[in-house]
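Descriptive structure summary
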Amino acid sequence: MAERELNRSERATIRKLVTELCANYDSQDKICLPLDSPCYMLNKWWTGAYCRYFEKAVLPVDAALESAITGEDTSMRQKICPVCGKAYLPTTSQAYCSAASRVYARRKSERERKRRKRQNQP
């Protein structure tokens, strides 16, 4: 994919992801810990070279941004939670986005099973 200038919303999303989720970013000193210098990704204006940690660990959190930057369709890797409708990247063959959604779905299915059992009893 050819290099292009990032638009305003993409730059803002990158800054938000770095400051909130990047484990290498020190918010107190506002530096990248491994490089011991200002974070390269905070002042990113063009597509192209990215911080490897950001690309592998932080960018997959926002699938829309990842597909816009890389040019790949990342929606095939995403799943939609059947309980809350939130999009998430499954780590294994998980069916729900969180433990709370899994517990809610299990309770709902147990209620339905008990209701059907009670209806079929004479």
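Below: a short report on this structure. Note that this is a predicted model, so its numbers are computed, not measured. (Residues numbered from 1 in each chain as written. Predicted model: local features only at pLDDT ≥ 70, side-chain atom pairs only at ≥ 80, totals over all residues. Heavy atoms only, no water.)

**Looking at the overall build of the protein**
- When its secondary structure is counted, the protein shows four helices and four strands.
- Along its sequence from the N terminus, the protein presents helices and strands in the succession α-β-β-α-α-β-β-α.
- The globule rule puts the C-alpha radius of gyration for 122 residues at 14 Å, and the 21 Å found for the protein is more than 25% above it.
- Structurally, the protein occupies a C-alpha span of about 75 × 35 × 25 Å along its principal axes.
- Evaluated residue by residue, the protein yields a buried proportion of 26% over its 122 residues.
- Across the protein, every contact between residues at least 6 apart in sequence was considered, and the portion connecting residues at least 24 apart equals 38%.
- By element, 51% of the accessible surface of the protein is carried by carbon and sulfur atoms, the whole surface being about 8,900 Å². (Helix = DSSP H or I, 4+ residues; strand = E, 2+ residues; numbered from the N terminus. Rg over C-alpha atoms; globule rule 2.2 N^0.38 Å. Buried < 20%, exposed > 50% of the residue type's maximum accessible area, 1.4 Å probe, protein only. Contact = heavy atoms within 4.5 Å. Areas by Shrake-Rupley, 256 points an atom, 1.4 Å probe, with all protein chains shown as cover.)

**Description of the pattern of salt bridges**
- Across all of its chains, the model carries three salt bridges by this definition.
- Between Glu 110 and Arg 113 there is a salt bridge, with the nearest N and O atoms lying 2.7 Å from each other. On the criterion of helical spacing, the pair formed by Glu 110 and Arg 113 is a turn pair, its members being three residues apart in helix 4 (residues 99-120).
- The residue Arg 115 makes a salt bridge to Glu 112 at a minimum N-O spacing of 2.8 Å. Pair noted here: Arg 115 and Glu 112 are both in helix 4, with a separation of three residues, about one helical turn.
- Given a relative accessible area of 32%, Glu 112 falls into the partly exposed group. (Salt bridge = Lys/Arg side-chain N within 4 Å of Asp/Glu carboxyl O.)

**Quick look at the environment of Ala 95**
- Assignment of secondary structure puts Ala 95 in the loop between strand 4 (87-88) and helix 4.
- Ala 95 sits 91 residues away from Arg 4 along the chain, and the two C-alpha atoms are 36 Å apart.
- Those residues within four positions of Ala 95 in sequence are excluded, and the remaining contacts are Pro 82 and Tyr 88.

**Let's talk about the nonpolar core**
- The biggest cluster of nonpolar side chains holds 16 residues, and the ones touching the most others in it are Ile 14, Val 18, Cys 39, Met 41, Phe 54 and Ile 69.
- At the level of secondary structure, the elements contributing two or more residues to this core comprise helix 1 (8-21), helix 2 (52-58) and helix 3 (63-70).
- With three residues, the top contributor of residues to this core is helix 1. (Core = buried A, V, L, I, M, F, W, Y, C linked by side-chain atoms within 4.5 Å.)

**Considerations on the packing of aromatic side chains**
- Applying the stated criterion across every chain, the model contains zero aromatic pairs.
- For Lys 44, the ring lying beneath its charged end belongs to Tyr 50, and the centroid distance is 4.8 Å. (Phe/Tyr/Trp six-rings, centres within 6.5 Å; stacked < 30°, edge-to-face > 60°. Lys NZ or Arg CZ within 6 Å of the ring centre and 35° of its normal.)

**Remarks on the packing of helix 1 against helix 3**
- Contact geometry of helix 1 with helix 3 gives a least axis separation of 11 Å together with a crossing angle of 125 degrees. The angle between the axes of helix 1 and helix 3 places the two elements in the oblique class. Here the hand of the crossing between helix 1 and helix 3 comes out left-handed. Within the contact between the two elements, helix 1 uses Glu 10, Thr 13, Ile 14 and Leu 17 and helix 3 uses Leu 65, Ala 68 and Ile 69.
- Looking at the contact of helix 1 with helix 3 residue by residue, the classes come out as five nonpolar, one polar and one charged. (Axes fitted to C-alpha atoms, helices over the stretch in contact; angles between N-to-C directions. Parallel < 35°, antiparallel > 145°, perpendicular 65-115°, else oblique. Left-handed = near helix turned anticlockwise from the far one by under 90°. Nonpolar A, V, L, I, M, F, W, Y, C, P; charged D, E, K, R; others polar.)

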